[in-house]
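For reference, the chains in residue letters:
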Number of protein chains: 2
Amino acid sequence: MKEGPDISRVATLIGDPARANILTALMTGVALTATELAVEAGVTPQTASGHLAKLVDGGLLQVRKQGRHKYFALAHGDVAVALESLMGLASDMRRTRTGPKDLALRRARVCYNHLAGQMGVKMFASLTQRGFLRDDVDAPVLTDTGRAFVTEFGVDLAALDAMRAPLCRSCLDWSERRTHLAGSLGRAMLARMEERRWVQRDNQSRALIFNAQGTTAFEGAFPVE
Amino acid sequence: MKEGPDISRVATLIGDPARANILTALMTGVALTATELAVEAGVTPQTASGHLAKLVDGGLLQVRKQGRHKYFALAHGDVAVALESLMGLASDMRRTRTGPKDLALRRARVCYNHLAGQMGVKMFASLTQRGFLRDDVDAPVLTDTGRAFVTEFGVDLAALDAMRAPLCRSCLDWSERRTHLAGSLGRAMLARMEERRWVQRDNQSRALIFNAQGTTAFEGAFPVE
DNA sequence: TTCATACTTCGACCGTAGCCGAAGCATCTA
DNA sequence: TAGATGCTTCGGCTACGGTCGAAGTATGAA
């Protein structure tokens, strides 16, 4: 016993319902203030304050102070990946009644600011099949034809390259159990779709709602097989 | 709030130190009896019994009854993957003193019966670089030349194909943060190395100890770059 | 300066869950 | 049949951690 990193400490951190709600809320990728997160978690500000301190101390959240507000966000993408993998286990469990809201989430949702769900997986598959993305040892790699494609799509690759964050990352979908595209490129692709008004975020949840034109355009842009 | 699967329940399950020890012990891939796990977790049999029931009920463990013994194992590979991703987060945290035992674990260890750690990552990289393994959308795929290679290595591919379990899977290493080879092929490769007496398991931990000849042979079989 | 807002600290309360001793089944051995 | 051995159930103890009200510290607005 007592070998390797201590799982139980992190798991305990995630295990409290209020903290789990906070983490889930931050899966969208946006930064939220302490009071906003208190509402999200369904507890009073004092209680939330304690939880947030623990999460930051545990390395799961990062915090930025701005005036009298404190903005919290996930510490890094790995946290989101780990949370998704836990969701994968949780969705296995019995008594998982799938409501209509759940269906929307399975179809398309935001995961740390990139596209996840059936449509996320479809996009990833399309890019790979057409040779735009190559799934390398560590992470997916954008090929030359792929760079041309996403530039055409309207993504400013030069700006993304300038950032230190990794361009491509893969993330395992809890609902689909397949890979979708994360990383700064994944975020940029979703941002572009929002700019083009293909898709709109649901204010209440992580669900993404594609309108009629958006759906058609998506199918055209990311054909599969 | 209350969207997607309920993370907190699974996380709470993993969050108790005794249960975390149990899960970690089962990461080797072997099935253990209730009393063995009680010792591993450092609690009395009664207490362990309760924990084990919860883990089975939560879908994290599977159980097989054999005479008056009960053998417990991880429910499926996804559980191991999720645990590894939690370890990845945990190893980030401060106050992670890395002892000598930890070093051995980082070098080579068993992860659900396949090879993990630096040497696991190295093997995966070597196989990919030489075109034996192609990292596809879902999971790695063994190429034709790859099939020839592993057959030459002494793995009975026909037997593996006959099993329903997936041949190749990738698993993210908590210590290396890179991919290594899991799935039935991953297990077969490690088994073959043990047959050849390249490597021996440590009884006390998940560490794998390569002897001198084993190390040399490994370097020869899986060159990198 | 004065008031409002955002967040934190303190203290007390309470519930839950882990823990073990004792006793109870179930299964194998002699 | 009697006696081990492996696992489970029960009951009661304990402690830890989540919760909120009240009060305290920052920052910004009037």
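Each chain has its residues counted from 1, running along the sequence as written. The lettering of chains begins at A and the numbering of ligands begins at 1, in the order of writing. Per-residue local features of the predicted model are confined to residues with pLDDT of at least 70, and side-chain atom pairs are confined, for both listing and counting, to 80 or more; whole-chain, interface and lining totals are unaffected and use all residues. As a rule here, side-chain values cover all heavy atoms of the structure and leave hydrogens and water aside.

## Some points on the overall build of chain A
Note on conventions: DSSP H or I runs of at least 4 residues are helices, E runs of at least 2 residues are strands, and numbering of each starts at the N terminus. The secondary structure content of chain A amounts to eleven helices and eleven strands. Radius of gyration: C-alpha atoms only; globule rule: 2.2 Å multiplied by the number of residues to the exponent 0.38. Computed over C-alpha atoms, the radius of gyration of chain A comes to 18 Å, within 12% of the 17 Å expected from 2.2 N^0.38 for 225 residues, which places it in the range of a compact globule. If one aligns the C-alpha atoms of chain A with their principal axes, the spans along those axes are about 50 × 45 × 40 Å. Across the 225 residues of chain A, 51% fall into the buried class. The contact definition used throughout considers only heavy atoms, calling two residues in contact when any of these lie within 4.5 Å. A fraction of 58% describes how many contacts in chain A between residues 6 or more apart in sequence connect residues 24 or more apart. Put simply, chain A shows about 10,500 Å² of open surface, and 51% of that area lies on carbon and sulfur atoms. Neither His nor the chain ends contribute to the count of charged residues, in which Lys and Arg are positive and Asp and Glu negative. Where a charge lies is defined by one atom per residue type: Lys uses NZ, Arg uses CZ, Asp uses CG and Glu uses CD. The averaged location of the 24 negative side-chain charges in chain A is 5 Å from the averaged location of its 29 positive side-chain charges. Only protein chains enter the accessibility calculation, which uses a 1.4 Å probe. A residue is then buried if its area is under 20% of the maximum for its type, exposed if over 50%, and partly exposed in between. Per-residue and other accessible areas follow the Shrake-Rupley method at a 1.4 Å probe size, with only the shown protein chains counted as cover for residues.

## Some details on the protein's contact with DNA strand D
The local shell around DNA strand D holds 20 residues, among which Gln 46, His 51 and Lys 54 of chain A together with Thr 35 and Ser 49 of chain B are the closest. Here a residue is considered near a molecule or strand provided that any single heavy atom belonging to it is located within 4 Å of it. In DNA strand D, the atoms that sit within 4 Å of the protein are 73% sugar and phosphate, with bases accounting for the remainder. For this analysis, a polar contact is any N or O atom pair within 3.5 Å, provided that within protein one partner can donate a hydrogen and the other can accept it, and provided that sequence-adjacent residues contribute only side-chain to side-chain pairs. Here Gln 46 of chain A contributes a side-chain N or O atom positioned 2.6 Å from a base nitrogen of DNA strand D. Of all the secondary-structure elements, those providing two or more residues to the surface near DNA strand D are helix H4 (45-57) of chain A together with helix H3 (34-41), helix H4 (45-57) and strand S3 (69-74) of chain B. In terms of residue count, the dominant contributor to the surface near DNA strand D is H4 of chain A (four residues). Gly counts as polar in this scheme, as do all residues outside two lists: the nonpolar Ala, Val, Leu, Ile, Met, Phe, Trp, Tyr, Cys and Pro, and the charged Asp, Glu, Lys and Arg. The residue makeup of the surface near DNA strand D, split by class, is three nonpolar, ten polar and seven charged.

## Description of the packing of aromatic side chains
Residue and element names in this part refer to chain B. The pairing test for Phe, Tyr and Trp rings, Trp by its six-membered ring, is centres within 6.5 Å, and the orientation test on the planes gives stacked under 30 degrees, edge-to-face over 60, and tilted for anything in between. Overall, the coordinates contain 14 aromatic pairs over all chains when judged by the stated rule. The interplanar angle of 20° and the centroid separation of 4.6 Å between the aromatic rings of Phe 132 and Phe 149 together place this pair among those described as stacked. With Phe 132 in the loop between helix H7 (118-129) and strand S6 (133-135) and Phe 149 in helix H8 (residues 144-153), the pair connects residues that are 17 residues apart, well separated along the chain. Neither residue differs from the other here; Phe 132 and Phe 149 are each classed as buried. Note on Phe 149 and Phe 153: the rings are 6.5 Å apart at their centroids and 20° apart in plane angle, and the pair reads as stacked. Of this pair, Phe 149 and Phe 153 both sit in helix H8, four residues apart, which is roughly one turn of the helix.

## Some remarks on the sheet that holds S3 of chain B
All names here are of chain B. Ordered in space as S1-S3-S2, the three strands form an open sheet in which the pairing is antiparallel. Two strands close off the open sheet at either side, each with one partner strand: strand S1 (32-33) and strand S2 (61-66). Pairing analysis gives two bridges linking S1 to S3, with the strands arranged antiparallel. Pairing of Leu 32 across the sheet is with Phe 72, part of S3. Angles shown run from 0 to 180 degrees and are taken between the N-to-C directions of axes, each axis being a line fitted to C-alpha atoms and, for helices, limited to the stretch in contact. Of the strands in this sheet, S1, S2 and S3 touch helix H2 (residues 17-26), which is tilted by about 80° from S3. Here a strand pair is declared whenever DSSP counts at least two bridges between the two strands.

## Here's the deal with the pattern of salt bridges
Residues and elements named next belong to chain A. The term salt bridge refers to a side-chain nitrogen of Lys or Arg lying within 4 Å of a carboxyl oxygen of Asp or Glu. Tallied over the full model, the rule gives twelve salt bridges over all chains. Across the salt bridge formed by Arg 206 and Glu 84, the nearest N and O atoms sit 3.4 Å from each other. Of this pair, Arg 206 sits in the loop between strand S10 (199-201) and strand S11 (208-210) while Glu 84 is found in helix H5 (residues 77-92), placing the two residues 122 residues apart along the sequence. Residue classification places Arg 206 among the buried positions, given a relative accessible area of 4%. Given the relative accessible area of 1%, Glu 84 is considered buried. Linked through salt bridges whose partners overlap, the residues forming this network are Glu 84, Arg 109 and Arg 206.

## Things to note about the domain arrangement of chain A
All names here are of chain A. For the domains described, the bounds stem from an automatic or database domain assignment. Each assigned domain of chain A is listed with its residue range as follows: domain 1 (7-75) and domain 2 (80-221). Here domain 1 and domain 2 have C-alpha centroids that lie 24 Å from each other. Contacts between the two partners involve nine residues from domain 1, matched on the other side by eleven residues from domain 2. Regarding the contact of domain 1 and domain 2, the summed buried area is about 850 Å², with carbon and sulfur atoms giving 72% of it. Buried area, as used here, totals the accessible surface that two parts lose on assembly, with accessibility defined by a 1.4 Å probe and the loss added over both. When the buried area of domain 1 at its contact with domain 2 is split by residue, Met 27, Thr 28 and Leu 74 rank highest and sum to 62% of it. Across the domain 1-domain 2 interface, the total number found is zero salt bridges. One can count one residue pair in polar contact (both at pLDDT 80 or more) joining domain 1 with domain 2.

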